[in-house]
Structures are given as C-alpha cells and as structure tokens.
Amino acid sequence: MIRLNKLTSLGLETICQRNQLPMSLYNISTKVLPHQKVSINHTISYAFSTRRLERDHVTQLFFYKNYDEVIRVATQYISSFQEEKKEDPNYIFAHEMLGKSFHMNEDYEPALIHHKAWLSLSLQKYGEIHTSTWDAYKQLGKLYADLSYVDEGLEYLKKSLIIAKRLAETSKAELVLTYRDLGLIYHRLGRYAESIETLTMAVELAEKGKIPVPLSSALGRVYRDKGNLQKALEYFQKALKEERNKETQVAQIYTELAQVYIQLGKTSEAFSYATKSLDIYMKHLKKKENLDIAYTYQTLAQCYASLKEYEKAEVFGKRALDLRIKIQGPVSHFVAKSYKVLGT
C-alpha cells in the first residue's frame, strides 16, 4: 500500500503529469486528510462511499495493478445505484473498470459481462462517436481474441477503427491503439503481411504524434512467426530498451527471445532467457495463475525437450497445460499448443 506523505505526494504529482492523468488525484490526496498519511486505497473507498466515484483515484489504483481492489470497490459502488441512475457517467465508468480489471485478472466470464454492459450504456449515453464507445468496442475485440473467438474480436476492432478515424480529427492516440490491436489480431489469424502493415502504420502515427506506445515487441512476434528470425531479434532487442523499467514486460520479452533462440537451435541461450523470465514473474507477479507464466513454462518445456531432459520437459509442459485449462478452458487454441508441446 502506498502512503501519501508530503514527499510521496510530490512524487504522485509527477506521476499524474507523466501519465497524463488529471491532477484532481494529486489535489484530493493532499487535501482530504492533510495532516495524516492517507493510503490510495482509503481515498478510493472514500470517493466511492460518498457517491462521487473519483475517476482519477480508480485509474491510479488500476495503474498500480491493484485489480482486486478495483473490483471490490467498483462492485460495491454499482450495487448502490438505483435503476433510474444507470446512465450516470460514473456508473458507466465503474462497468468499464470492472471489465478491464476482470480481463487483466484473466477472469473472462465476468469481464465479458461488464464489457458488454459498458458498451451498451456508452451507446445509450454518448452515441457511437465517443472515446468511451470506441474503447468498449476495442476491449471487447481484445477479450474475444483472448477467448479464442478471433473472428468476432476482429469485427469489434474494425468497429472501433471506424470510430477512431472520426476521433482522429482531434486526437491520434485512439487510432494508434486501434491499429496496434488490429495488428495483434491479424497476427493471431496468421495474416502476417496485414499484421506488419497495420503495426507499421501504428508506429508511424505514434512517432509523428510523439505518442508513447511500445510496438517493437509486437512486430518482433510477427516476424518470428513469419520465419524472419533475425528481424525478430532486432525488434525484441529494441523492445527491451523501450520497456527496460517495466519488470513484467521485460519478462515477456525474455520469453519471446527464448522462443526465437529455440527456433535458431541455440538452446542454451533460450534456456537462459526463459529462466530469467520465470524468475522475474515469480518475484513481481502476485497472482501466479497467469497466461504469461504458462507461456514461459511451455518455453522451458521446449528447452528441456531440446536438451533431451524429457522428464523435466513433461513437468513444465503439464504446468503450462494445467494453467491454460484453468484460465481459458479446454477448447482454447493456446491449450492445443500446450498439448502439442507435451506430444499428446
């Protein structure tokens, strides 16, 4: 839990500025109880309990990846609403944060319920051409893709792209993020040329508008799966520089590098990167039931198989399989990949 004394309040002011968050988060943190140490969690709960849903507080809580607390507080807030108040922007925002938090926790069924509620309420309140509606379509697209309904995900993302192009008259950020997510969907569908084209458009827009959206890792994955391994290595090394201060993102890139080295037949390098990745996850992730960890287990299984240590390969392969079945169910294409690694 973060405590806001005079020093850390100044630090929070910097966080707000750097992450383009409204300064009301900083202002309330220093004024609600000016002579006491005030936790972010306390201030969030205070904002909800007074029916003011201070968005910036919830956003900051989400920023610090305290998804369980967002879910607890937002659920409590939603349950207090009367039927006639459900077009209140704060009620819509609560559904948004619940959907995103459940999604980040890889709890897909409630995420889908809240994403759909968010989209429906956004359309009623704001209409089609609005950032909330755009984001709801985009998040549903990503969620359906994670549920292995990739075609449905693509349709939602195409709808979000139509809105993003309209919004681009005043802001290019929505367009960059939509092109990025479309590129990721095309990658899952094996449409590599379209994926590279779309991701490259996102890169060009981001560089032109000075929008800080890391994209090198996504391009690295596409080039790797396309078979251009040297190009993949270039992008993953670039991604490490972009994400060097974010532990879990670095761990993801290490696993991706391990996969490239497996394909290059350099098992020792692959094993080194996969091991470093797992160490970071175990140190920094509170929730160990995580698809990134499953992917790293799978990568380690492949490494052990290459080293002909088949018992260890089976152990890590089964860990990957069990995690994926628990999180995504038995019909996911990711689960199919785990069965393939196990050789069953």
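The paragraphs below set out a description of the structure included in this document. This structure is a prediction, so every number in the text was calculated from the model and none was measured.

This brings us to the packing of aromatic side chains. A complete count under the given rule lists ten aromatic pairs for this structure. Consider the rings of Tyr 144 and Tyr 149, whose centres lie 6.5 Å apart with planes at 70°: the pair is edge-to-face. Looking at Tyr 144, the relative accessible area reads 11%, which means it is buried. Taking the relative accessible area as the measure of exposure, Tyr 149 reaches 44% and is therefore partly exposed. A ring pair is formed by Tyr 254 and Tyr 273, whose centres lie 5.4 Å apart and whose planes are at 40°; its orientation type is tilted. Highlighted residues: Tyr 254 in helix α14 (residues 247-263) and Tyr 273 in helix α15 (residues 267-284), separated in sequence by 19 residues. Each member of the pair Tyr 254 and Tyr 273 is classed as buried. In textbook terms, an aromatic cluster arises when at least three aromatic residues are bridged by ring pairs, as seen for Tyr 137, Tyr 144, Tyr 149 and Tyr 156.

Its location among the elements puts Glu 242 in helix α13 (residues 229-242). Counting along the chain gives 27 residues from Glu 242 to Leu 215, while the straight-line C-alpha distance between them is 8.9 Å. Those residues in contact with Glu 242 that sit more than four places away from it in its chain are Pro 214, Leu 215 and Ser 216. A polar atom in the side chain of Glu 242 sits 2.7 Å from the side chain of Ser 216.

Quantified by volume, the second largest pocket comes out at close to 210 Å³. Those elements giving two or more residues to the lining of the second largest pocket turn out to be α11 (192-209), α12 (216-226) and α13. By residue number, the principal contributor to the lining of the second largest pocket is α11, which donates four residues. For the lining of the second largest pocket, the residue count by class is eight nonpolar, two polar and three charged.

Before going further, it helps to examine the environment of Ile 262. The residue Ile 262 is located in helix α14 in this model. Separated by 37 residues in the primary sequence, Ile 262 and Thr 299 have C-alpha atoms spaced 8.6 Å apart. Apart from residues lying up to four places away in sequence, Ile 262 is in contact with Ala 270, Thr 299, Gln 302 and Cys 303.

It is worth spelling out the packing of helix α6 (residues 89-104) against helix α8 (residues 131-146) at this point. Two numbers describe how α6 lies on α8: the axes approach to 11 Å, and their chain directions differ by 25°. It follows from the interaxial angle that α6 and α8 lie roughly parallel. In the crossing of α6 with α8, the sense of the turn from one axis to the other is left-handed. Seen from α6, the contacting residues are Ile 92, Glu 96, Lys 100 and His 103; seen from α8, they are Ser 132, Asp 135, Gln 139, Lys 142, Leu 143 and Asp 146. Taken together, the residues that form the contact of α6 with α8 break down as two nonpolar, three polar and five charged.

Reading the values: the criteria
- Residues numbered from 1 in each chain as written.
- Predicted model: local features only at pLDDT ≥ 70, side-chain atom pairs only at ≥ 80, totals over all residues.
- Heavy atoms only, no water.
- Phe/Tyr/Trp six-rings, centres within 6.5 Å; stacked < 30°, edge-to-face > 60°.
- Buried < 20%, exposed > 50% of the residue type's maximum accessible area, 1.4 Å probe, protein only.
- Helix = DSSP H or I, 4+ residues; strand = E, 2+ residues; numbered from the N terminus.
- Contact = heavy atoms within 4.5 Å.
- Polar contact = N/O pair within 3.5 Å; in protein donor to acceptor, adjacent residues only side chain to side chain.
- 1 Å grid on protein atoms, 1.4 Å probe; cavity = no way out; pocket = protein on both sides within 12 Å on 5 of 7 lines; lining within 4 Å.
- Points joined across faces, edges and corners; volume = space filled by probe spheres on them.
- Nonpolar A, V, L, I, M, F, W, Y, C, P; charged D, E, K, R; others polar.
- Axes fitted to C-alpha atoms, helices over the stretch in contact; angles between N-to-C directions.
- Parallel < 35°, antiparallel > 145°, perpendicular 65-115°, else oblique.
- Left-handed = near helix turned anticlockwise from the far one by under 90°.

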